[in-house]
Amino acid sequence: MVAKMIDGHAVARQVRAQCREWTMTLAGSGVIPGLAVIIVGDNAASRIYVANKIKACTEVGLKSTVYAFDASTPGNVVEAEIRRLNDDPTVHGILVQLPLPARMDGRRVLAAISRDKDVDGFHLYNVGALVQGETMFPPCTPFGVQKMLEYENIPVEGQNVVVVGASNIVGKPMALMLMQKDATVCICHAKTRDLAQFTILADILVVAAGRPNLILPQMVRTGAVVIDVGINRLPDGRLVGDVDFEGVRQKASYISPVPGGVGPMTVTMLVHNTVQSARRYAELQNPVHPELAWC
Ligand code: NAD
C-alpha cells in the first residue's frame, strides 16, 4: 500500500475560496474583515510568520494591520494597544505573535484580547468553550487538520485517534476537537513510556512533537491515516516533519507531507476565523440579513 498524499495547499485553496465569497458578501453590507497582528521584538521566524499571515489576508480581501513593538516595550503598553483594538469596530480579529520576549507576562498580554476577537483561540474563555465543544475560534493548526480530514472524507466518529504531543496550541486542542467528533482519543507526550504501543493502535495518528523521525513505519498500523504537524529544520537545511515520510507512506492509507501539509492550513484557518468573526459582527449589527447568518 502506498498512501494517498493529503495536499494542504489544495485544502487551503478550497477554504480560502469560501472565505473570499463570505468576504465579498460582507463587503456588500459595508463590513471589511479586519485583523490586527501584534508583534513584539525582532524574532526572524516571527517576522516570516507575520508576513505570511498578512499575505493570506490580502489574498482573501481582508484588511490586516501589523502593530510592531520594540523588544523593550513594557507589557502594559502592549496591553493598552490591545484594549484599544478591542474597542475598534473595524477590527474583528486580534492576534499576538508568539513567542513574546521572555520578560513579558504572555498570559496577561493574551488575556487582554477580547474573547470575541481572539481568532487564535488562546483566550482562557475560548479554551473553556472548546472543552465544552462550542468555541467560536478553534485554534488554527488543529482546526486545519480537521479540515484536511473532512476534505478527504475521512471518518472520525468511532475511530481510534492517537495524538502525539500535548501542547496547548496543537496537541490538547486537537484531542478535544476529535473527541467532540466522537473519536476515541489517546494523547501521548514526551513522558509516555513505549510510544509505539499506542501509535500502533491508531486509525488516525496526528503527530505534533517537533522531533524528526519520531514516527517510524513499525509504529504505524497498515492503513492508518497519518497527519504530520511537526516542522523541523535539519542541519543540512531541509525542512521535515516528525514522521519518517518515505517509510510510513508505504503503510499508511493517507499521509500529509512536510512541507505542503498542515503548514498552509494554519494560516488559512486564521483567515477563516477572522472572516467568521466579521460575519458574527455583521450579524449582530443587522440581525435580519439572512446571508450573513452566523455559523
Ligand atoms: P511544543 O514543544 O509546545 O510541544 C511538543 C509536545 O510534544 C509536548 O507535549 C511534548 O511532551 C511532546 N513530545 C516531545 N518529544 C516527544 C517524544 N519523543 N515523544 C512523544 N512526545 C513528545 O510544540 P508545539 O508548539 O505543539 O509544536 C509541535 C510541532 O509542530 C513543532 O515541530 C512545531 O514546529 C510544529 N507546528 C507546526 C504548525 C504548522 O502550522 N504546521 C503549527 C504549530 C506547530
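Thresholds applied
One numbering rule holds for all chains: residues counted from 1, following each sequence as written. In keeping with the model being predicted, local features are shown solely for residues with a pLDDT of at least 70 and side-chain atom pairs are shown and tallied solely at 80 or more, while totals for entire chains, interfaces and linings include all residues. As a convention, hydrogens and water are excluded, and side-chain values are obtained from all of the structure's heavy atoms. Strands are runs of DSSP state E lasting at least 2 residues, helices are runs of H or I lasting at least 4, and numbering of each runs from the N terminus. What the globule rule says is 2.2 Å times the number of residues to the power 0.38, and the radius of gyration is computed from C-alpha atoms. A contact between two residues is defined here by any heavy atoms of the two lying within 4.5 Å. Working convention for charge: Lys and Arg count positive, Asp and Glu count negative, and His plus the chain ends are omitted. By convention, the charge on Lys lies at NZ, on Arg at CZ, on Asp at CG and on Glu at CD. Throughout this description, buried means an accessible area under 20% of the type-specific maximum (1.4 Å probe, protein chains only), exposed means over 50%, and partly exposed covers the range between. Any two strands are treated as partners once DSSP identifies two or more bridges connecting them. Clockwise travel from the first strand over the helix to the second, with the strands pointing away from the viewer, marks a crossover as right-handed. A cavity here means a set of points on a 1 Å grid, drawn over the protein atoms and nothing else, where a 1.4 Å probe fits but cannot get out; a pocket is an open set with protein on both sides within 12 Å along at least five of seven lines, and a residue lines either one if it has an atom within 4 Å of a point. Grid points are joined across faces, edges and corners, and a volume is the space filled by probe spheres set on the points. Polarity classes work like this: nonpolar for Ala, Val, Leu, Ile, Met, Phe, Trp, Tyr, Cys and Pro, charged for Asp, Glu, Lys and Arg, and polar for all others, with Gly in that last group. Domain ranges listed in this record stem from an automatic or a database domain assignment. Arc, as used here, means the arc of the directions from the helix axis to the C-beta atoms. Note on definitions. A residue lies near a molecule or strand when any single heavy atom of the residue is within 4 Å of it. Throughout this description, a polar contact denotes any pair of N or O atoms lying within 3.5 Å of each other; where both atoms belong to protein, one of them has to be capable of donating a hydrogen while the other can accept it, and for residues adjacent in sequence the pair is counted only when both atoms sit in side chains. In this description, a line fitted to the C-alpha atoms serves as the axis of each element, helices being fitted only across the stretch in contact, and the angle between N-to-C directions of two axes falls anywhere from 0 to 180 degrees.

## A short note on the overall build of the chain
- Of the regular secondary structure elements, the chain holds 10 helices and 11 strands.
- In terms of C-alpha radius of gyration, the chain reaches 19 Å, essentially the compact-globule figure of 19 Å for 295 residues.
- With the principal axes as the frame, the chain shows a C-alpha extent of 55 × 45 × 35 Å.
- A sequence separation of at least 24 residues applies to 70% of the contacts in the chain between residues at least 6 apart.
- Once the 28 positive and 27 negative side-chain charges of the chain are each reduced to a mean point, those two points are 3 Å apart.

## Here's the deal with the pairing of strand E2 (residues 34-40)
- Most of E2 sits out of view: seven of its seven residues are buried.
- Residues Gly34, Ala36, Ile38 and Val40 of E2 are buried on one face, and the alternating residues Leu35, Val37 and Ile39, pointing to the opposite face, are buried as well.
- Looking at chain direction, E2 and strand E3 (residues 63-69) are connected through seven bridges and run parallel. Within E3, the residue paired with glycine 34 across the bridge is lysine 63.
- Crossover connection from E2 via helix H2 (residues 44-60) to parallel E3: handedness right-handed.
- Bridge analysis of E2 against strand E4 (residues 93-96) gives four bridges, and the strand direction is parallel. For valine 37, the partnering residue across the bridge sits in E4 and is leucine 95.

## Observations concerning the layout of surface pockets
- Of the volumes computed, that of the largest pocket is approximately 1,500 Å³.
- Contributing to the lining of the largest pocket are 47 residues, with Tyr49, Thr141, Ile231, Gly263 and Thr266 lying nearest its centre.
- Only helix H1 (8-28), H2, E4, helix H6 (140-151) and helix H10 (263-285) provide two or more residues apiece to the lining of the largest pocket.
- At nine residues, H2 tops the list of elements feeding residues into the lining of the largest pocket.
- Looking at side-chain class alone, the lining of the largest pocket contains 26 nonpolar, 13 polar and eight charged residues.
- Shared between two domains, the lining of the largest pocket holds at least three residues of each, these being domain 1 (29-116) and domain 2 (140-263).

## Points about helix H5 (residues 124-131)
- What H5 keeps buried is the set Asn126, Ala129 and Leu130. Buried residues along H5 cover an arc of 105° about the axis, so they all sit on one side. Seen from the open side of H5, the exposed residues pointing more than 90 degrees away from its buried face are Leu124 and Val131.
- Buried positions along H5 lie against helix H7 (171-180).
- Phi turns positive one or two residues past the end of H5, at glycine 133, with a value near 80°.

## As for the domain arrangement of the chain
- Assigned domains of the chain: these are domain 1 (29-116) and domain 2 (140-263).
- Look at where the C-alpha atoms of domain 1 and domain 2 centre, and you get two points 29 Å apart.

## Some points on the site of the ligand
- The environment of the ligand is formed by 20 residues, the closest being Ala166, Ser167, Ala190, Ile231 and Thr266.
- A distance of 3.3 Å separates a nitrogen atom of the ligand from a polar atom in the side chain of arginine 211.
- Contact distances for the ligand include 3.4 Å between a nitrogen atom and a backbone N or O atom of valine 229.
- Here the shell around the ligand is built from residues that sort into 11 nonpolar, eight polar and one charged.

## Section: the sheet that holds strand E11 (residues 254-255)
- The strand order E1-E11-E8-E7-E5-E6 describes an open sheet built from six strands, whose pairing is parallel. Of all strands in the sheet, those bounded by a partner on one side alone are strand E1 (4-5) and strand E6 (184-188).
- The pairing of strand E5 (residues 160-164) with E6 spans five bridges and is classified as parallel. Of the residues in E6, the one forming a bridge with valine 164 is cysteine 188.

## A few points about the side chain of threonine 274
- In this structure, threonine 274 sits in helix H10.
- Not counting residues within four places of it along the chain, the set of residues in contact with threonine 274 comprises Pro33, Gly34, Leu35, Leu62, His92, Gly93 and Val119.

## A word on the sheet that holds E2
- Spatially, the three strands line up as an open sheet ordered E3-E2-E4, and their pairing is parallel. Taken across any chain shown, the strands that pair with only one partner, and hence form the sheet edges, are E3 and E4. Taking each pair of neighbouring strands and ignoring which way they run, the sheet shows an average axis angle of 15°.
- Set on the sheet, H2 makes contact with E2, E3 and E4; between it and E2 the angle comes to about 170°.
- Running at roughly 160° to E3, helix H3 (residues 75-86) makes contact with E2, E3 and E4 of the sheet.

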